[in-house]
Amino acid sequence: MEFVLNEYHRNTPDEELVEDVKRVADLLKKESLSCKDYSSHGRFSYGTLRNRFGSWNEVLRRAGLSVEKGRLKFHDYCESDEVFFADLRRVAKLMGRGYVTRTEYEKHGRFNYGERTKKYGGWGSLLKVAGLEQTPFRTGPKQMYSEKELFEEIERVWIKLGRQPSSTDFEKNEFKYGRNTFLRRFGGWRKALEAFVDYINSEDDEEKSEIVPEEGVHDKTLIGQKSFKHKTKRDINLRLRFKVMARDHFKCCKCGKSPATDPSVVLHIDHIYPYSKGGETIMENLQTLCSDCNLGKSDLVIY
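### Focus on the nonpolar core
Phase 1 of the analysis: Judged by nonpolar contacts, the single largest core of 32 residues is most densely connected at I154, W158, F182, W189 and F196.
Phase 2 of the analysis: Those residues within four positions of F196 in sequence are excluded, and the remaining contacts are F151, I154, E155, W158, L238 and F242.

Below, the structure is given as structure tokens:
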């Protein structure tokens, strides 16, 4: 038996290749073809067509077939970086936020992004150059955690242990998320801790928004109780909560209980002079109490 190489199709005209795709579509009575469909019934190699025209979607487009496959659709190559990045920003605006995922751009974008991810070193780099935010880190199917959520997890473990968490605490199952979640997001566990500390120590617009405008806000929790004009909101954000607990050594200021020695202990932040009686949400008027002591104190003024 003589061994013969497959027919070499390099010089086959484009029209002949496209006509064979149409033939297979008619044979299978389909408006679109998968690569598997064509490989099973076509005269030529699927790879031959893909290499000739650049992509399978382009093959389908030339054959007059549907170029949609699931949620993905054919995208043209964009010669101009400026035009491409403008389209990225358009899709982000369409999504109503400061970033866009690959899947969203595949669905709503105009251009192919493959070459530019190679050029700029990844999807995150494309977003950065386009002046957009980074996408929340994806740790698995339908699991996306924002940077703030990861900071909240570091805070939770820090408070529970009463000390700075170490990488070995992942092996003890102290964290809800795996260590790689933080490593991939921040580049290392130490860098994750540094980012957390920088976040805690920063005073951005979110923290400044805790200050109510000059007209203040009136708080009146009970009928007949005096209404106070506050300069701060009642709610305590993550930064301030952590600062107060760190100052109080992550233990109750009244009974001394701590989650580090008794896992059943839950710490709260209490207004020393009750908010309902005019006390403000500021460092000097806040203290750490366990849930039992906080419940017993209620809105009493106790020094």
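Let's pick the thread back up.
### Here we look at the pattern of salt bridges
Phase 1 of the analysis: Throughout the structure, instances matching the rule amount to 13 salt bridges.
Phase 2 of the analysis: For K22, the salt bridge is made with E19, and the minimal N-O distance between the two is 3.5 Å. On the criterion of helical spacing, the pair formed by K22 and E19 is a turn pair, its members being three residues apart in helix α1 (residues 14-28).
Phase 3 of the analysis: Residue classification places K22 among the partly exposed residues on the basis of a relative accessible area of 31%.
Phase 4 of the analysis: For R156, the salt bridge identified is with E153, shortest N-O distance 2.7 Å. Separated by three residues within a single helix, R156 and E153 lie in helix α9 (residues 147-161), roughly one turn from each other.
Phase 5 of the analysis: Under the relative-accessibility criterion, E153 is labelled buried at 2%.

### Overview of unusual backbone geometry
Phase 1 of the analysis: Here K29, not a glycine, exhibits a phi torsion of approximately 55°, which is positive.
Phase 2 of the analysis: One non-glycine residue, H249, lies in positive phi territory at about 60°.
Phase 3 of the analysis: Looking at the secondary structure, you find H249 in the loop between α14 (238-247) and β5 (267-271).

### Here's the deal with the side chain of E104
Phase 1 of the analysis: Secondary-structure assignment places E104 in helix α6 (residues 102-108).
Phase 2 of the analysis: Since its relative accessible area comes to 16%, E104 is described here as buried.
Phase 3 of the analysis: Here T101 takes part through its backbone nitrogen, which lies 3.0 Å from a polar atom of the side chain of E104.
Phase 4 of the analysis: The residues touching E104, leaving out its near neighbours within four places in the chain, are V91, M95, R97 and G109.

### Quick look at the packing of α9 against helix α11 (residues 179-186)
To describe two helices that pack against each other, one gives the angle between their axes and the distance between the axes.
Phase 1 of the analysis: Between α9 and α11, the least distance of the axes is 12 Å, while the angle of their chain directions is 130°. Between α9 and α11, the angle falls in the class oblique. For α9 against α11, the interelement crossing comes out left-handed. Residue-level contacts link E147, L150, F151, E153 and I154 of α9 to T181, F182, R185 and F186 of α11.

Here is what the cut-offs are and how they apply
Residues numbered from 1 in each chain as written. Predicted model: local features only at pLDDT ≥ 70, side-chain atom pairs only at ≥ 80, totals over all residues. Heavy atoms only, no water. Core = buried A, V, L, I, M, F, W, Y, C linked by side-chain atoms within 4.5 Å. Buried < 20%, exposed > 50% of the residue type's maximum accessible area, 1.4 Å probe, protein only. Contact = heavy atoms within 4.5 Å. Salt bridge = Lys/Arg side-chain N within 4 Å of Asp/Glu carboxyl O. Helix = DSSP H or I, 4+ residues; strand = E, 2+ residues; numbered from the N terminus. Polar contact = N/O pair within 3.5 Å; in protein donor to acceptor, adjacent residues only side chain to side chain. Axes fitted to C-alpha atoms, helices over the stretch in contact; angles between N-to-C directions. Parallel < 35°, antiparallel > 145°, perpendicular 65-115°, else oblique. Left-handed = near helix turned anticlockwise from the far one by under 90°.

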